[in-house]
Amino acid sequence: MNVIPTQDIAGQCLHAFTQLVPVSRAAFYCVDRHLQVHDFSLHGMSGEMHRDYLDNYRQFDPLHPRRCASSELAVVPLGLAMARQPLRDNHRYRDFLQRYGVVDVVEVFAHRDGQPQAAISLLRTAEQGVFTSQQLSQLNALQALLQLAVAHLPAHEDALADLTPKERQIAWLLRQGVSNKQLARELDVGLPTIKTHLIHLFRKVGVSSRTELVSALFL
């Protein structure tokens, strides 16, 4: 099977979905076997909104893979997902959506071996209104394209299998080129702690630099 770069697959999927079902913003991302998300590709979404989500609201997202994995549904509307989590979390997530003018969200998942492998998040503003039943049916049909694309995603799980969840998180962030300061912000720790994590991670993988680490784990 041919392996296609993740960014190429993300771009093709985002183009197909947003051309056929109008949305204001969208994001493609991959999901590892620990249900952590990585390799985001954004469409129409500002970096500020994405960072605000990661820093302050991700834990309240009813459409996060860890909350949707048990259902094994391929297309999950926001309302259905919210019915499965506490009201206080829903209120926090609604605050986030309203801050950026979003009135509805649908998550489209592709699965491998019974768990999410990648997904596309589709967001609509008040001008577009909520997703209609017809559009949800279209998304269910389009999901087959996403499922096919996921079959061509590179598999990195073997290289990452010996790392702890935090080490895997750091490795994915390093792959995205984040600085030590950004790492500290993402993990909510100080810079000295980040330096300690990196030293341990380099030793564990048997490398001496960020570039060597990314090559060893992902290339």
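Owing to the predicted nature of the structure, the values given are computational and were not obtained by experimental measurement.

1. Section: the nonpolar core
- Tyr93 and Phe96 are the most contacted members of the largest nonpolar core, which has 27 residues in total.
- Elements supplying a minimum of two residues to this core: strand E1 (25-31), helix H2 (47-57), helix H4 (78-82), helix H5 (87-99), strand E4 (102-112) and strand E5 (115-125).
- With four residues, H2 is the largest single contributor of residues to this core.
- Every residue in contact with Tyr93, bar those within four places of it in the chain, is listed here: Tyr53, Tyr57, Phe60, Asp61, Pro62, Leu78 and Met82.
- Core analysis: the next-biggest nonpolar cluster, separate from the first, contains 24 residues, Val23, Cys30, Val108 and Phe131 among them.

2. A short note on empty space enclosed by the protein
- Tallied over the full model, the rule gives one cavity of 30 Å³ or more.
- Volume-wise, the largest cavity comes out at about 200 Å³.
- Along the walls of the largest cavity sit 18 residues, with Ala27, Phe40, Tyr53, Asp61 and Ser121 positioned nearest its centre.
- Mapped onto the lining of the largest cavity, the elements with two or more residues apiece are E1, strand E2 (37-43), H2, H5, E4 and E5.
- Grouping the constituent residues of the lining of the largest cavity by class yields 13 nonpolar, three polar and two charged.

3. Points about the sheet that holds strand E3 (residues 75-77)
- Taking strand neighbours across the sheet as the criterion, the five strands line up as E2-E1-E5-E4-E3 in an open arrangement whose pairing is antiparallel. Strands with a single pairing partner mark the edges of an open sheet, and in this sheet they are E2 and E3. Geometrically, the sheet is characterised by an average inter-axis angle of 20 degrees between neighbouring strands, direction not taken into account.
- Bridge analysis of E4 against E5 gives 10 bridges, and the strand direction is antiparallel.

4. Regarding the pairing of E4
- Counting buried positions along E4 yields nine of 11 residues, so the element is predominantly enclosed.
- Two strands pair when backbone bridges link them, and E3 and E4 are joined in this way by three bridges, in the antiparallel orientation. Along E4, the bridge assignment pairs Val75 with Val108.
- In sequence, E4 turns back onto E5 through a hairpin of two residues, with Asp113 there showing a positive phi of about 55 degrees.

5. Thoughts on the layout of surface pockets
- Looking at the largest pocket, its volume works out to about 430 Å³.
- Forming the boundary of the largest pocket are 20 residues, of which Val37, Leu54, Arg58, Gln169 and Glu186 lie nearest the centre.
- Mapped by element, the contributors of at least two residues to the lining of the largest pocket are E2, H2 and helix H8 (165-175).
- Broken down by element, the residue count for the lining of the largest pocket peaks at four residues, all from E2.
- A class-by-class count of the residues in the lining of the largest pocket yields eight nonpolar, seven polar and five charged.
- Formed jointly, the lining of the largest pocket draws a minimum of three residues from each of two domains, domain 1 (4-149) and domain 2 (163-216).

Rules used in this analysis
- Residues numbered from 1 in each chain as written.
- Predicted model: local features only at pLDDT ≥ 70, side-chain atom pairs only at ≥ 80, totals over all residues.
- Heavy atoms only, no water.
- Core = buried A, V, L, I, M, F, W, Y, C linked by side-chain atoms within 4.5 Å.
- Buried < 20%, exposed > 50% of the residue type's maximum accessible area, 1.4 Å probe, protein only.
- Helix = DSSP H or I, 4+ residues; strand = E, 2+ residues; numbered from the N terminus.
- Contact = heavy atoms within 4.5 Å.
- 1 Å grid on protein atoms, 1.4 Å probe; cavity = no way out; pocket = protein on both sides within 12 Å on 5 of 7 lines; lining within 4 Å.
- Points joined across faces, edges and corners; volume = space filled by probe spheres on them.
- Nonpolar A, V, L, I, M, F, W, Y, C, P; charged D, E, K, R; others polar.
- Pairing = 2+ DSSP bridges.
- Axes fitted to C-alpha atoms, helices over the stretch in contact; angles between N-to-C directions.
- Domains from an automatic or database assignment.

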